[in-house]
Amino acid sequence: MKKILLVVAALLALSSCGDNTEETLIVNGKIKGLKKGTLYLQHVPDSVLITVDSVAINGDGNFSFKTKLTSPEIFYLYLDKKDNNDINDRITFFAEPGTVTINSDWNTFDTTAKISGSETQEKLEEYRETMSGINKRNIEIMMKAAQANGDVSQISIDSLENISNRNLQRGYAFAINYALNNKSSYIAPYVALKEIPDANTKYLDSIYSVLSPEVAASKYGKELASLLGKDK
């Protein structure tokens with residue numbers, strides 16, 4: 001009987017080891033056209049950007065990284081193409097346990113990247129798409145104001161400023177509502193922390209108060225709690 005119990009305990013231990021795959025992040029993909037360079041997997045655990053792993057690419061653009069992930073968070077894929085040009089060299093993505101696939105082109109590395117395998121990444125892209133439209137509209141308004149000359153009345157300039165302010169408020173409102181409407185997604189505390197940290201505390205508190213327990217216990221959930229003084 002004692003031997004049977006030992007066997008069962010061993011099997012349970014092996015089973016629990018298998019469950020650890022839920023905390024493993026695999027990042028793979030291909031950089032089309034890349035013949036030579038070094039690819040770095042990076043993140044910011046606290047306040048400093050660190051390199052988790054790197055791989056040298058020589059003649060084949062395929063890559064694969066595997067690392068432990070304690071909580072879903074933003075990671076970076078940095079490409080050193082050995083061309084003395086730092087433009088278009090870093091892809092930002094929301095890492096989650098499991099496999100994230102990133103495919104891109106060497107010469108348009110960050111702009112043509114296709115990322116799959118992360119639900120939070122899909123939310124991040126959805127958020128950024130709408131915010132991009134809002135920001136584009138605000139830039140257009142500010143350009144009109146900057147181009148205004150002596151023939152434009154002060155009333156017109158004031159009107160442009162008012163429209164710009166309303167557009168900025170629209171951006172804040174969208175970010176707040178997006179976080180509130182995605183309370184069970186890791187995108188919610190991320191948006192609050194990284195996009196609107198200077199928003200009225202009551203709005204940030206409203207976001208934190210509706211987070212699911214799992215999201216509240218995540219990296220960005222804890223950081224939002226710290227920002228609000230709720231971690232004491």
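Keep in mind the model is a prediction, meaning the values are calculated, not measured.

## Focus on the overall build of the protein
So, step 1. The number of helices and strands found in the protein is 7 helices and 8 strands.
So, step 2. Buried residues in the protein amount to 34% of all 232 residues.
So, step 3. Sequence separation of 24 or more characterises 60% of the internal contacts of the protein that already satisfy a separation of 6 or more.
So, step 4. If you sum the accessible surface of the protein, you get close to 13,900 Å²; carbon and sulfur atoms cover 51% of it.

## Re the layout of surface pockets
So, step 1. As a volume, the largest pocket reaches approximately 230 Å³.
So, step 2. Lining the largest pocket are 13 residues, with Thr-70, Ser-71, Pro-72, Pro-97 and Tyr-186 sitting closest to its centre.
So, step 3. When the residues that make up the lining of the largest pocket are grouped by side-chain class, the tally is 5 nonpolar, 3 polar and 5 charged.

## Looking at the confidence of the model for the protein
Interpretation of the predicted coordinates at a detailed level should be avoided for regions scoring low in pLDDT.
So, step 1. Looking at the protein, pLDDT values average 86 and 82% of them are 70 or higher.
So, step 2. Scored below 50 in pLDDT, residues 1–21 makes 1 contact in the model with residues more than four places away or belonging to other chains.

## Observations regarding the packing of aromatic side chains
So, step 1. On inspection of all chains with the given rule, the structure shows 9 aromatic pairs.
So, step 2. Summarising the aromatic geometry, the rings of Phe-63 and Phe-65 are spaced 6.1 Å apart at their centres and angled 50 degrees between planes, so their arrangement reads as tilted.
So, step 3. Residue class for Phe-63 comes out buried when judged on its relative accessible area of 5%.
So, step 4. Pairing Phe-94 with Tyr-190 gives two aromatic rings, centres 5.6 Å apart and planes at 75 degrees, and the pair type is edge-to-face. Highlighted residues: Phe-94 in strand β6 (residues 90–95) and Tyr-190 in helix α4 (residues 187–194), separated in sequence by 96 residues.

## A word on the sheet that holds strand β1 (residues 24–32)
So, step 1. Pairing is mixed in the open sheet, where 4 strands are placed in the order β4-β1-β7-β8. Looking at strand neighbours, the two that pair on one side only are β4 (62–68) and β8 (114–116), the edges of this open sheet. The sheet shows a mean angle of 15 degrees between the axes of neighbouring strands, taken without regard to direction.
So, step 2. Note: β1 against β4, 7 bridges, orientation antiparallel. Looking across to β4, one finds that Gly-29 is bridged to Phe-63.

## Topic: the pattern of salt bridges
So, step 1. Scanning all chains against the criterion turns up 3 salt bridges.
So, step 2. For Lys-230, the salt bridge is made with Asp-205, and the minimal N-O distance between the two is 2.9 Å. Of this pair, Lys-230 sits in the segment after α7 (219–227) while Asp-205 sits in helix α5 (residues 201–210), and the two are 25 residues apart along the sequence.
So, step 3. The partly exposed category is assigned to Lys-230, whose relative accessible area is 40%.
So, step 4. Across the salt bridge formed by Glu-223 and Lys-219, the nearest N and O atoms sit 3.3 Å from each other. Of this pair, Glu-223 and Lys-219 both sit in helix α7, separated by 4 residues, roughly a single helical turn.

How each quantity is defined
Residues numbered from 1 in each chain as written. Predicted model: local features only at pLDDT ≥ 70, side-chain atom pairs only at ≥ 80, totals over all residues. Heavy atoms only, no water. Helix = DSSP H or I, 4+ residues; strand = E, 2+ residues; numbered from the N terminus. Buried < 20%, exposed > 50% of the residue type's maximum accessible area, 1.4 Å probe, protein only. Contact = heavy atoms within 4.5 Å. Areas by Shrake-Rupley, 256 points an atom, 1.4 Å probe, with all protein chains shown as cover. 1 Å grid on protein atoms, 1.4 Å probe; cavity = no way out; pocket = protein on both sides within 12 Å on 5 of 7 lines; lining within 4 Å. Points joined across faces, edges and corners; volume = space filled by probe spheres on them. Nonpolar A, V, L, I, M, F, W, Y, C, P; charged D, E, K, R; others polar. pLDDT = per-residue confidence, 0-100. Phe/Tyr/Trp six-rings, centres within 6.5 Å; stacked < 30°, edge-to-face > 60°. Pairing = 2+ DSSP bridges. Axes fitted to C-alpha atoms, helices over the stretch in contact; angles between N-to-C directions. Salt bridge = Lys/Arg side-chain N within 4 Å of Asp/Glu carboxyl O.

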